[in-house]
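Architecture at a glance
Each chain, letter by letter, is given below.
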Amino acid sequence: PRGGWWNYGGILREVYLRRIDGLDFSTVDVRPDLPCSACAATVSYSATVRNYDARARKAVITARLGAKTVKLGTVTVGPHQFVRVTRAVVVKRPHLWSPSDPYLYDVSLSARGDGGLLQRYTVKTGIRSIKVVAGHLMLNGKPLNFRGFGIHEDWPGLGFAIGNAQRDQQIAWARQSGALLLRSHYPLHPHYYEELDRLGMLAWVEVPVYSIKTQYLKRLTVRKLAARELATAVLTNRTHPSVIVWSVGNELSSNPG
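Residues numbered from 1 in each chain as written. Predicted model: local features only at pLDDT ≥ 70, side-chain atom pairs only at ≥ 80, totals over all residues. Heavy atoms only, no water.

**Considering the overall build of the protein**
What the protein contains, in helices and strands, is 4 helices and 18 strands. The contacts of the protein with a sequence gap of at least 6 include a subset with a gap of at least 24, amounting to 62%. When the accessible surface of the protein is summed, it comes to about 14700 Å², and 53% of that surface belongs to carbon and sulfur atoms. Distance between charge centres in the protein, computed from 34 positive and 18 negative side chains, equals 7 Å. (Helix = DSSP H or I, 4+ residues; strand = E, 2+ residues; numbered from the N terminus. Contact = heavy atoms within 4.5 Å. Areas by Shrake-Rupley, 256 points an atom, 1.4 Å probe, with all protein chains shown as cover. Lys, Arg positive; Asp, Glu negative; His and termini not counted. Charge placed at Lys NZ, Arg CZ, Asp CG, Glu CD.)

What follows is the structure in structure tokens.
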């Protein structure tokens, strides 16, 4: 169905090869939960360890929580199999993330075997709460007031195939104008969200379900694909404390049929 923006064609983002020494983290989810601004927080780890080897592999899985080591357990993964590890850790006095104090915890994971380090997954996150209370958006229990810009990954002469220099310039222009939030009509390159986390800015993440006419939107297949796009966007970006809004689409038909 019709939707989206100008497609310049070609490869728009980096392509790279990554060596895997038998074991790999195929999925990693680190989810901080803060019930209230004065409460203890819970950081939940969930990781899927995949074995690409033709023989079983054994590994000790550990994670970081700032300067603290968190033991996720020892796993034996059969040839070409998956094993999931989970752990929840309580942080009694968390250092909260906010625009005025964008504190990030190192929550990276590592897998070690007889040969030493087999694989590492690096990620940072912030502990904060975002809630709607009596119609007001609250960050860490305080009313949130912000202004921002809509943004496209587009640049004169480069199209959508931009680099971090252009991404950083867009963020810098927004900050110079006093903006606190960036909204996009599709999930942005990871560098944007990592920088917004670090700088204490906010993000509004939307999936590209854009201007779809009723004749298409009423089709179950189209709605299922849209829901899958939204689920993928959340799973990919939910560790980022900067993300405060998930948007299901934009300028859809006012006549749902």
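**Regarding the layout of surface pockets**
Volume-wise, the largest pocket comes out at about 980 Å³. The wall of the largest pocket is formed by 31 residues, among which Tyr121, Thr122, Pro190, Glu194 and Thr236 lie closest to the centre. Going through the elements one at a time, strand S1 (23–33), strand S10 (116–121), helix H2 (190–199) and helix H4 (220–237) are the ones with two or more residues in the lining of the largest pocket. When grouped by side-chain class, the residues that make up the lining of the largest pocket number 10 nonpolar, 10 polar and 11 charged. (1 Å grid on protein atoms, 1.4 Å probe; cavity = no way out; pocket = protein on both sides within 12 Å on 5 of 7 lines; lining within 4 Å. Points joined across faces, edges and corners; volume = space filled by probe spheres on them. Nonpolar A, V, L, I, M, F, W, Y, C, P; charged D, E, K, R; others polar.)

**Remarks on H2**
Residues separated by three or four positions in an α-helix point in the same direction, a consequence of the helix having 3.6 residues per turn. Looking only at H2, the buried set comprises His191, Tyr192, Tyr193, Glu195, Leu196 and Asp197. Residue Gly200 follows H2 closely and has a positive phi angle near 80°. (Buried < 20%, exposed > 50% of the residue type's maximum accessible area, 1.4 Å probe, protein only.)

**A look at helix H1 (residues 164–176)**
For H1, which comprises 13 residues, the first-to-last C-alpha distance of 18 Å matches the rise-based estimate of 18 Å (1.5 Å per residue) to within 8%. Three or more residues of H1 are buried, namely Gln166, Arg167, Gln170, Ile171 and Ala174. Seen end-on, H1 carries its buried residues on one side only, within an arc spanning 140°. In H1, the exposed residues that point more than 90 degrees away from the buried face are Ala165 and Gln176. Elements in contact with the buried residues of H1: strand S15 (148–151), strand S16 (181–184) and H2. (Expected span 1.5 Å × (residues − 1). Arc of directions from axis to C-beta.)

**Examining the state of the cysteines**
Here a disulfide denotes a covalent bond joining the sulfur atom of one cysteine to the sulfur atom of another. Within this structure, the stated rule accounts for 1 disulfide. Two residues, Cys36 and Cys39, share a disulfide whose sulfurs are 1.9 Å apart. The sign of the S-S torsion, about 95°, decides the handedness of the disulfide formed by Cys36 and Cys39: right-handed. (Disulfide = S-S within 2.5 Å.)

**Overview of the sheet that holds strand S12 (residues 130–133)**
Strand order in the open sheet formed by 3 strands is S12-S13-S14, with antiparallel pairing between adjacent strands. Only two strands of the sheet have a single partner each, and these edge strands are S12 and strand S14 (142–143). (Pairing = 2+ DSSP bridges.)

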